[in-house]
Structures are given as structure tokens and as C-alpha cells.
Amino acid sequence: MGVEAGLAAPDRGVMSRVLRAAAVVFVLDGLYVIVVFVLILQRTTFERMFQGIAYAVLGQAAFSGGWWSAFLGVLLHFSVALAWSMIWIFVYERSESLRRATVTPVQAAFVGGAYGLFIWLAMHFVVLPFTHAKPGALLTFSSILVAVAHLLVVGPPIVLLERRQ
């Protein structure tokens, strides 16, 4: 028969924008961290970087879990990108002022930078305290590099890819 009365079918356009934004953020943020922390600063390895993400859920066991815990870190990394993309689109679709503020790509990039910094702060102060990965000091060299990632390759892609064309 069709969709039951009162139950709207999911908007495939919104869903595809959310998934596209999450995938782009997943790749760009992952590449940023690999280039900066693995290749340039040589502070970690590829496997250990993603085990570090799994540490939020597994605790210290993440670092003895080999590639399985690294794979969990990859899944968590995508899940976080997906969640922030979903949050943005939920708020964006309901806010005329956000839609007006993101009319041009340049405006959207600036709003995206602000959203990226919001995500960084929310992760630091709201999300991480509920995990094994308790946040450290906010203004260390490493945390500033992570903030730059959110400013450049997390917020802007979400806003740019999810805005109405």
C-alpha cells in the first residue's frame, strides 16, 4: 500500500547529502591527521592513530587489539562524522537564518569554519568526558592542530555539501 498516514518517507536528497558530507569529512579529516601526526610530526603510526580513536570506547585494550581495534576506530571516526553531519542538517533544515547565512559558497565556508570549531569544543567538553579518552589541556600544540583540522576539513565540508543548492 504506501506510506502509512503520518509517517513521512525519508527524504533521499537529505540522506544522500548527509552521507556524502560524512564520507568527505571522514576522508579529509583522516588524511589531515595522517599527514600531520603520522607523516610530518611522526608522533604515531596509522594503526595506532585509529586505535587511539577506539580507545574512547575500549580503553587501554584498544592498543593491544591490533588491526581489529584500529578498524573499530575507523568505524567510530565515520560514525562521528555522520553524527555531526546529521546534527547540522537537522538544525539547518529548520533555521531560515542559517540558510540565509550560507547562500554563497564563501559564506557557507565561513559558517562551516565556525561549525568546525563548535564541533571541536563540543567534542572536548561534552563528548570526550563520557569516554575513556578524557580530554587533555585545550591549548596544547596538538589540540590546536586538531582545532585547525575542524576549522578547515570538518565543518566547511559539512556545511558546503549539505546546503541547499
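Our subject in this report is the structure included herewith.

Criteria and cut-off values
Residues numbered from 1 in each chain as written. Predicted model: local features only at pLDDT ≥ 70, side-chain atom pairs only at ≥ 80, totals over all residues. Heavy atoms only, no water. Salt bridge = Lys/Arg side-chain N within 4 Å of Asp/Glu carboxyl O. Helix = DSSP H or I, 4+ residues; strand = E, 2+ residues; numbered from the N terminus. Buried < 20%, exposed > 50% of the residue type's maximum accessible area, 1.4 Å probe, protein only. Polar contact = N/O pair within 3.5 Å; in protein donor to acceptor, adjacent residues only side chain to side chain. Core = buried A, V, L, I, M, F, W, Y, C linked by side-chain atoms within 4.5 Å. Contact = heavy atoms within 4.5 Å. Axes fitted to C-alpha atoms, helices over the stretch in contact; angles between N-to-C directions. Parallel < 35°, antiparallel > 145°, perpendicular 65-115°, else oblique. Left-handed = near helix turned anticlockwise from the far one by under 90°. Nonpolar A, V, L, I, M, F, W, Y, C, P; charged D, E, K, R; others polar.

## Looking at the pattern of salt bridges
- Enumeration over the complete set of coordinates arrives at three salt bridges.
- Arg17 serves as the salt-bridge partner of Glu93, at 2.9 Å between the closest nitrogen and oxygen. Here Glu93 is found in helix H3 (residues 66-93), whereas its partner Arg17 is found in helix H1 (residues 12-40), with 76 residues between them in sequence.
- On the basis of relative accessibility, which here comes to 15%, the residue Arg17 falls in the buried class.
- Across the pair Glu96 and Arg99 runs a salt bridge whose closest N-O atoms are separated by 2.8 Å. Of this pair, Glu96 and Arg99 both sit in helix H4 (residues 96-101), three residues apart, which is roughly one turn of that helix.
- Within the structure, one salt-bridge network assembled from shared partners comprises Glu96, Arg99 and Arg100.

## Comments concerning the side chain of Ser69
- Mapped onto the elements, Ser69 comes out in helix H3.
- There is a polar contact of 2.5 Å between the side chain of Ser69 and the backbone oxygen of Ala62.

## Things to note about the environment of Val103
- As for its position among the elements, Val103 is in the loop between H4 and helix H5 (105-127).
- We classify Val103 as exposed; its relative accessible area is 52%.
- Sequence-wise, Val103 and Phe37 are 66 residues apart; in three dimensions their C-alpha atoms are separated by 35 Å.

## A word on unusual backbone geometry
- Positive phi values are uncommon outside glycine, yet Gln42 reaches one of about 50°.
- Within the secondary structure layout, Gln42 lies in the loop between H1 and helix H2 (46-58).

## Description of the nonpolar core
- Tyr32, Trp84, Trp88, Tyr115, Ile119 and Ile158 are the most contacted members of the largest nonpolar core, which has 32 residues in total.
- Among the elements of the structure, H1, H2, H3, H5 and helix H6 (141-162) are those that each provide at least two residues to this core.
- Look past the residues within four positions of Ile158 in its chain and what remains in contact with it is Ala21, Val25, Trp84, Ser85, Trp88, Tyr115 and Ile119.

## Quick word on the side chain of Gln51
- Turning to its location among the elements, Gln51 is positioned in helix H2.
- With residues up to four places along the chain from it excluded, the contact list for Gln51 reads Ala62, Phe63, Gly65, Gly66, Ser69 and Ala70.

## Regarding the packing of H3 against H5
- Between H3 and H5, the shortest axis-to-axis distance is 12 Å and the interhelical angle comes to 125°. Here H3 lies oblique to H5, going by the angle between them. Between H3 and H5 the crossing geometry is right-handed. Within the contact between the two elements, H3 uses Val80, Trp84, Ile87 and Trp88 and H5 uses Val111, Tyr115, Phe118, Ile119, Ala122 and Met123.
- Per-class residue counts for the contact of H3 with H5 are ten nonpolar, no polar and no charged.

By themselves, these observations are geometric and do not establish any function.
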